[in-house]
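Understanding the architecture of this molecule
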Amino acid sequence: MAKQEEAIVGRRLKTSYISTVVSITLVLFVFGLLGMVMLHARKLSDHVKENLGFSVILHDNAKPAEISHLQKTLDVMPAVKSTEYISSDQAAKDLMEELGEDFIEFLGYNPLFPSIDVRLYASYANPDSLALFEADVIRNRIVREVHYQKDLVSLVNDNVKKIGIGLLVFSALLLAIAFALINNTIRLSVFSKRFLIKSMQLVGATQAFIRKPFVIKGVIQGLIGAMLAIFLLLGVLYAGQRQIPELVSFQDTNMLLSLFVLVIFLGIIISWISTHLAVKKYLRIKTDYLYLY
Amino acid sequence: MALDTIIELQNVSVFQKNVLVLSEVNLEIERGEFCYLIGRTGTGKSSLLKILYGDLPMVDGYGKVAGFELKDIKEKQIPFLRRKIGIVFQDFQLLNDRSIKENLMFVMRATGWNDKVAMEERMEDVLEKVGLRTKGFKMPHQISGGEQQRVVIARALINDPDVILADEPTGNLDPETSEGIMELMFEISKTGRAVLMATHDYRLFDKFPARIFKCENGRVIDVNAPAPETEKEEQE
């Protein structure tokens, strides 16, 4: 009979321990998920922006030396990620492939100009930088015009900004929720030990001595919660990449690792602070008041 | 104040929250002294003990226990005051989530012991004294009220304190065990420790005569002191 009772009590105590860990896990998981979405969104927007680029259309009579000089000048600019020279013949060939028609034969001449395709780094792909860049490049004698889709650039930038702010606000909110939830869970588990804490105080234990095991337990719970959350995140990442193989190209291992470190850090810090505050609260209350709550 | 005075109260008022329970309490107990604290339930015996171990703040008056001044004692000092005092709580205050051995171990670790062998020895020693040497592995809820009370007594003895404050330590014990405990307490007091014991068990006075303080009408009276208005203790 006593054994059975012990088993039931044991199970109950374990359940409360597990439920604390589970709630920490879930909160950190949602937080990490948001982090991953943000990471991918950034990579995606970078990808789109860097592919936007623009074309520097050259005059027909540009000499190869001049062209290669211009290309080199472009290459050393900090904004430029890569350049590619496309001769008029190459351009014609590309267009022919696209149209499936030999338009040179039809027209009798090649109407296309040679050009240099420029890809920019994401941070420079905004209308202001592009305008400056255009003004700079167009001064060159052999440049006929600079061609890019102004509207598209603005559109992409606006959307990325909106989504970015939205995600940022949401993640700040989620951080507050994470703290509140974990704090609440830990508070409850400390609350259930308030008489124990008081007894420890009455037999001459210092506050730090009483607090230590609680804080250690809290940190371990936070750590386990964080580990489980990361496990779940990896699962989601794996499933996501199975469903959308293109995602793999956006994966940035370093950023992902930083995110996981952040999740662990949050798990530990939040449960540490919460446990510390919760235990402190009951250390300060006089015995008689414990019965009032 | 004599050199050997270990508990000293002068003009102390005892408040429970905002209610004045006892006023103008004057009390001096020396090393080696054994004293009873009697009085009807609710007359402030436990509150007086709580003042002595820092669980109730001393609002006015002067008080000193084992070298610690009680008025305006810092929160941080209270644990160290309590290490000088062995307290037998009326409501036990055992740590219910661990065994008797671990209860005693906790107190030793909390108060600075770290020699495992010495701790083990000390624990066996005090458990032997209260007759529970074979039950150390049990959880507090698995033993009877009387046994729990004896564990509390063992815990109070474990640090060899200067002062023992006992709040009805024989309340849950059968006559034989309670006699054993009384003998133990008397012995302890003879080794230079002060014992103040709150009790209702008036039968003990014949067998173990000692100084008696009585809580009555908001005052603490030294029964043995020659005072004309003090009668023999009344029965509950």
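Residues numbered from 1 in each chain as written. Chains lettered and ligands numbered in written order. Predicted model: local features only at pLDDT ≥ 70, side-chain atom pairs only at ≥ 80, totals over all residues. Heavy atoms only, no water.

Turning to the packing of aromatic side chains, a few remarks are in order. All names here are of chain B. Evaluated as defined, the whole model comprises 8 aromatic pairs over all chains. Judged by centre distance (5.4 Å) and plane angle (35 degrees), the ring pair of Phe186 and Phe208 falls under tilted. Of this pair, Phe186 sits in helix 6 (residues 175–190) while Phe208 sits in the loop between helix 7 (203–207) and strand 9 (211–216), and the two are 22 residues apart along the sequence. Residue classification places Phe186 among the buried positions, given a relative accessible area of 15%. (Phe/Tyr/Trp six-rings, centres within 6.5 Å; stacked < 30°, edge-to-face > 60°. Helix = DSSP H or I, 4+ residues; strand = E, 2+ residues; numbered from the N terminus. Buried < 20%, exposed > 50% of the residue type's maximum accessible area, 1.4 Å probe, protein only.)

All names here are of chain B. All chains considered together, the criterion is met by 14 salt bridges over all chains. Here Asp97 makes a salt bridge to Arg98, at a shortest N to O gap of 2.9 Å. Looking at Asp97, the relative accessible area reads 38%, which means it is partly exposed. Looking at Arg98, the relative accessible area reads 17%, which means it is buried. (Salt bridge = Lys/Arg side-chain N within 4 Å of Asp/Glu carboxyl O.)

Here we take up the side chain of A:Arg211. With respect to the helices and strands, the residue A:Arg211 is situated in helix 8 (residues 207–243). Here A:Arg211 is buried and forms no salt bridge, its nearest opposite-charge partner B:Glu75 lying at an N-O distance of 10 Å. Not counting residues up to four positions away in its chain, the partners in contact with A:Arg211 are A:His276, A:Val279 and A:Leu283. (Lys, Arg positive; Asp, Glu negative; His and termini not counted. Contact = heavy atoms within 4.5 Å.)

Next up on the list: the packing of helix 5 (residues 145–157) of chain B against helix 6 of chain B. Residues and elements named next belong to chain B. Across the interface, helix 5 lies against helix 6 with an axial gap of 12 Å and an inter-helix angle of 10 degrees. Classified by the interaxial angle, the pair formed by helix 5 and helix 6 is roughly parallel. Between helix 5, through Arg150, Ile153 and Leu157, and helix 6, the contact on the second element is made entirely by Thr177, Ile181, Leu184 and Ile188. (Axes fitted to C-alpha atoms, helices over the stretch in contact; angles between N-to-C directions. Parallel < 35°, antiparallel > 145°, perpendicular 65-115°, else oblique.)

A word on the sheet that holds strand 10 (residues 219–222) of chain B. All names here are of chain B. Here we have 6 strands laid out as an open sheet, ordered 6-7-8-3-9-10, and mixed in their pairing. The open sheet terminates on both sides in strands that have one partner only, identified here as strand 6 (85–88) and strand 10. Across this sheet, the average inter-strand angle for adjacent strands is 15 degrees, counted without regard to direction. The sheet contact formed by strand 3 (residues 34–38) and strand 8 (residues 194–198) spans 4 bridges and is parallel. Looking across to strand 8, one finds that Tyr36 is bridged to Met197. (Pairing = 2+ DSSP bridges.)

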